[in-house]
Amino acid sequence: PQGWSQVEVVVAGWPAGVWVHGEDIAAGRELRFGDLHSHTVLSDGTWTPERSYAYARDVALLDFAAVTDHVERLTDGEWERLMTAAEEATTSSFVTVPAYEWTSLESMHRCVYDLGAASLPLIRSGNFEWDGEVVEDAAEFHALLPDGVLAIPHHPGSRVGPAHGWADYQTD
């Protein structure tokens, strides 16, 4: 097929329409499903990290997941717990992505994903009354991220946090 096509899939009994590109189908690429934004009781969610990953893997039958708790609400020990839960939840058919949400009141929220960095640096804003070292400026924040880390705006255009003007968007 040429161009984009909508394909109906059923995941865990739920039908969904998914757009796929003909080149991806021709190349034999597989369609994967996941959740790249969730919170646990360690920030403002409901479940433990362990239960969140188990649900994604065993009930929702996802292929991948990332817990993106607000980093300003996490102690270093809680961050280690998240990383341990992610490592222990990973199987040959389920992948976890180390991640967090940077929650700057000045520069909007960012979901931060480790896509192969040596380690994911914890960069915190002053939100949620974090009393350690803080970074509020988006340009400074992005400059601190090593290769292999992806940070994307979260809540763009919403009423959560300041309006996101995309002024710090980089194409490289």
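Please refer to the structure higher up on the page.
In this report, we go over the structure that sits alongside the text. (Residues numbered from 1 in each chain as written. Predicted model: local features only at pLDDT ≥ 70, side-chain atom pairs only at ≥ 80, totals over all residues. Heavy atoms only, no water.)

1. Looking at unusual backbone geometry
Here comes step 1: In this model, leucine 61 sits at a positive phi of 60 degrees, which is unusual for a non-glycine residue.
Here comes step 2: Mapped onto the elements, leucine 61 comes out in the loop between helix 2 (49-59) and strand 4 (64-65). (Helix = DSSP H or I, 4+ residues; strand = E, 2+ residues; numbered from the N terminus.)

2. Things to note about helix 3 (residues 76-89)
For an α-helix, 3.6 residues make a turn, and residues three or four places apart therefore share a direction.
Here comes step 1: With 14 residues, helix 3 extends 20 Å from end C-alpha to end C-alpha; this agrees with the ideal 20 Å at 1.5 Å per step.
Here comes step 2: Every buried residue belonging to helix 3 is among Trp79, Leu82, Ala85, Ala86 and Ala89, and all of these are buried. Viewed along the axis of helix 3, the buried residues span an arc of 120 degrees, placing them on a single side of the element. Exposed and oriented more than 90 degrees from the buried face of helix 3 are Glu87 and Glu88.
Here comes step 3: Buried residues along helix 3 sit in contact with helix 2, strand 5 (95-96) and strand 6 (99-104). (Expected span 1.5 Å × (residues − 1). Buried < 20%, exposed > 50% of the residue type's maximum accessible area, 1.4 Å probe, protein only. Arc of directions from axis to C-beta. Contact = heavy atoms within 4.5 Å.)

3. With respect to the nonpolar core
Here comes step 1: Among the nonpolar cores identified, the biggest contains 26 residues, and Tyr53, Tyr100, Val112 and Phe141 are the most heavily contacted of them.
Here comes step 2: With five residues, the single largest contributor to this core is helix 3.
Here comes step 3: If you look at the next biggest cluster of nonpolar residues, it comprises five residues, including Ala66, Val97, Ala99 and Cys111. (Core = buried A, V, L, I, M, F, W, Y, C linked by side-chain atoms within 4.5 Å.)

4. Focus: the pattern of salt bridges
Here comes step 1: Per the stated rule, a full pass over the model turns up four salt bridges.
Here comes step 2: Taking the shortest distance from any N to any O, the salt bridge between arginine 32 and aspartate 63 comes out at 3.7 Å. Separated by 31 residues along the polypeptide, arginine 32 in the loop between helix 1 (22-26) and strand 3 (34-35) and aspartate 63 in the loop between helix 2 and strand 4 bring together distant segments of the chain.
Here comes step 3: Note that arginine 81 is salt-bridged to glutamate 50, the shortest N-O span being 2.9 Å. Placement of the pair is arginine 81 in helix 3 and glutamate 50 in helix 2, with a sequence separation of 31 residues.
Here comes step 4: Residue arginine 81 is classed as partly exposed on the basis of its relative accessible area, which comes to 33%.
Here comes step 5: Under the relative-accessibility criterion, glutamate 50 is labelled partly exposed at 36%. (Salt bridge = Lys/Arg side-chain N within 4 Å of Asp/Glu carboxyl O.)

5. So, the sheet that holds strand 8 (residues 149-154)
Here comes step 1: The three strands lie next to each other as 6-7-8, forming an open sheet whose pairing is antiparallel. Taken across any chain shown, the strands that pair with only one partner, and hence form the sheet edges, are strand 6 and strand 8. Averaged over all adjacent pairs, the angle separating strand axes in this sheet is 25 degrees, with direction ignored.
Here comes step 2: Taken together, the six bridges between strand 6 and strand 7 (residues 108-114) define a ladder with antiparallel strand orientation. The residue bridging serine 104 from the neighbouring strand is methionine 108, located in strand 7. (Pairing = 2+ DSSP bridges. Axes fitted to C-alpha atoms, helices over the stretch in contact; angles between N-to-C directions.)

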